[in-house]
Amino acid sequence: MNWLKEHPEVKTIRVAAADLNGVARGKRIPARYAGKLLEEGTKFPYSVLNLDIWGEDVEDSPLVFESGDPDGLLLPTERGFLPMPWLDAAPTALLPLWMFHPDGRPYEGDPRQALARVADRYKQAGLTPVVATELEFFLIDDSGRTLRVPPSPRSGKRRTGGEVLSLRALDAFDQFFTTLYDACEGMDIPADTAISEAGPGQFEINLMHQADPLKAADDTWLFKMLVKGIARSYGFAASFMAKPYEAFSGNGMHMHFSILTEDGRNIFDDGGELGTPALRQAVAGCLRAMPGSTLLFAPHENSYDRLVPNAHAPTGIGWAYENRTAAIRIPSGPPRSRRIEHRVAGGDVNPYLTIAAILGAALDGIQDGLEPPPAFKGNAYDQNLAQLPGDWGAAIEAFDACPQIRRIFPEHLVDNYLMTKRQELHYMAELSDEETVELYLDTV
């Protein structure tokens, strides 16, 4: 309540939790009822965290008619109240929530609870994962039938091509980025470097490392919501859709992580460039789980348009040092900051599930003492590597059959996710390309 007392201008509150697709589901509540909300929480049906990408119930889900569509209990996360600077009405606060059973047990179908479960495994092992994400997105004028770069608020001109690391491209949207960074400060999102990327109107912003995977996932989820909201306030769209333009590279969400002991030592640091056995074990765990995890890294039909050869996204299951064609890259740098970069996920993912899958697979590899194949050199697309599932249907089946997935995630969440994705796969077959873009552009 302290934050609300410091901001008496706030009249309304949004409460929200992430569903399995990472879509925010919630309610609008008058601010005068905030005390009751903090003391008692609020209720959503369990099924709300298991809706498909259209926001529809999953047919034949046991969470709906079979069980009477009962309520779960939503309680505030550690984040507390946050400003929502992209809204035009009176100042509004956002209160992030996660779901429990009425008796206080965590609800296993909640993506944030799934990540908390993985984080707890690390804690029990005396370890702390340090996590950062890099998010790519496009700024898009979607006012007509054809997507294109919005005109610069500074010059009124449109750029028609990508400009990698171009200051001119950043300067063209300087007002937008200034507003965005100010909003990140207000929401305690540690936004660091921004660059222009290879696609027209495409940018990347890095979020700083966090010694708390839940905070890192919260930051990523909130950042996506914020970027899309700020863009709309400027009259254009921001999209994390994996592949909005057929002719240009797609949007990725690269994840970096290291692992610390209780005394703060990085277990990947051997004082040199190669890293420790624990680093290789973590890599091996990630590689072993990668086919089954692909559905989390590429959760939508459009996701597979990004995962094609020679398009700056990995297709082969391999690892390498300082090599951006690899699915798993070991960046160079000081040994004390030795880390793993996981490069498979698209910008359209649910960050809670993606971070849980990667950290869970890495810990499994360490605890099982796995050894990866040799790191390759050269272009990954020219290597004889095992391949990621090549389409959505294959990824769904690989997810279902993967023992590592069922080791990392609760059975209840796995079953719900499969039902959701199979329903989406069925109905997506009826959509045109134009309808697909319209669906995903703002949603993911």
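Just so it is clear, the structure is predicted and the values come from calculations on it, not from any experiment.

1. Re the packing of aromatic side chains
Then comes step 1: Taken as a whole, this structure holds 19 aromatic pairs when the rule is applied.
Then comes step 2: Relative to phenylalanine 203, the ring of phenylalanine 173 has its centre 6.1 Å away and its plane inclined at 75 degrees; by these criteria the two rings are edge-to-face. Of this pair, phenylalanine 173 sits in the loop between helix 4 (167-172) and helix 5 (174-187) while phenylalanine 203 sits in strand 9 (residues 202-207), and the two are 30 residues apart along the sequence. The two residues phenylalanine 173 and phenylalanine 203 agree in class, both being buried.
Then comes step 3: A ring pair is formed by phenylalanine 177 and phenylalanine 203, whose centres lie 5.0 Å apart and whose planes are at 70 degrees; its orientation type is edge-to-face. With phenylalanine 177 in helix 5 and phenylalanine 203 in strand 9, the pair connects residues that are 26 residues apart, well separated along the chain. Like phenylalanine 203, phenylalanine 177 is buried.
Then comes step 4: Through a chain of ring-to-ring contacts, the aromatic side chains of Phe137, Phe173, Phe176, Phe177, Phe203, Tyr234, Phe236 and Phe240 assemble into a single cluster.
Then comes step 5: Above the plane of the ring of tryptophan 98 lies arginine 112, whose end atom (NZ or CZ) is 4.4 Å from the centre.

2. Some thoughts on the pairing of strand 7 (residues 127-140)
Successive residues of a regular strand alternate their side chains across the two faces of the sheet.
Then comes step 1: Burial analysis of strand 7 places 13 of its 14 residues in the buried class, the great majority of the element.
Then comes step 2: Where strand 7 meets strand 11 (residues 253-261), nine bridges bridge the pair, whose relative direction is antiparallel. Looking at strand 11, one finds that glutamate 134 is bridged to histidine 254.
Then comes step 3: Across five bridges, strand 7 lies against strand 9 in antiparallel orientation. Within strand 9, the residue paired with phenylalanine 137 across the bridge is phenylalanine 203.

3. Focus on the UniProt feature "domain: GS beta-grasp" (unreviewed entry) in the chain
Then comes step 1: UniProt's entry tags residues 8-104 with the feature "domain: GS beta-grasp" (unreviewed entry), counted in the numbering of this structure.
Then comes step 2: As annotated, residues 8-104 comprises 7% helix and 36% strand, and the C-alpha atoms at either end are separated by 32 Å.

So, how was this worked out
Residues numbered from 1 in each chain as written. Predicted model: local features only at pLDDT ≥ 70, side-chain atom pairs only at ≥ 80, totals over all residues. Heavy atoms only, no water. Phe/Tyr/Trp six-rings, centres within 6.5 Å; stacked < 30°, edge-to-face > 60°. Helix = DSSP H or I, 4+ residues; strand = E, 2+ residues; numbered from the N terminus. Buried < 20%, exposed > 50% of the residue type's maximum accessible area, 1.4 Å probe, protein only. Lys NZ or Arg CZ within 6 Å of the ring centre and 35° of its normal. Pairing = 2+ DSSP bridges. UniProt positions renumbered as here; feature names shortened; annotations may be inferred.

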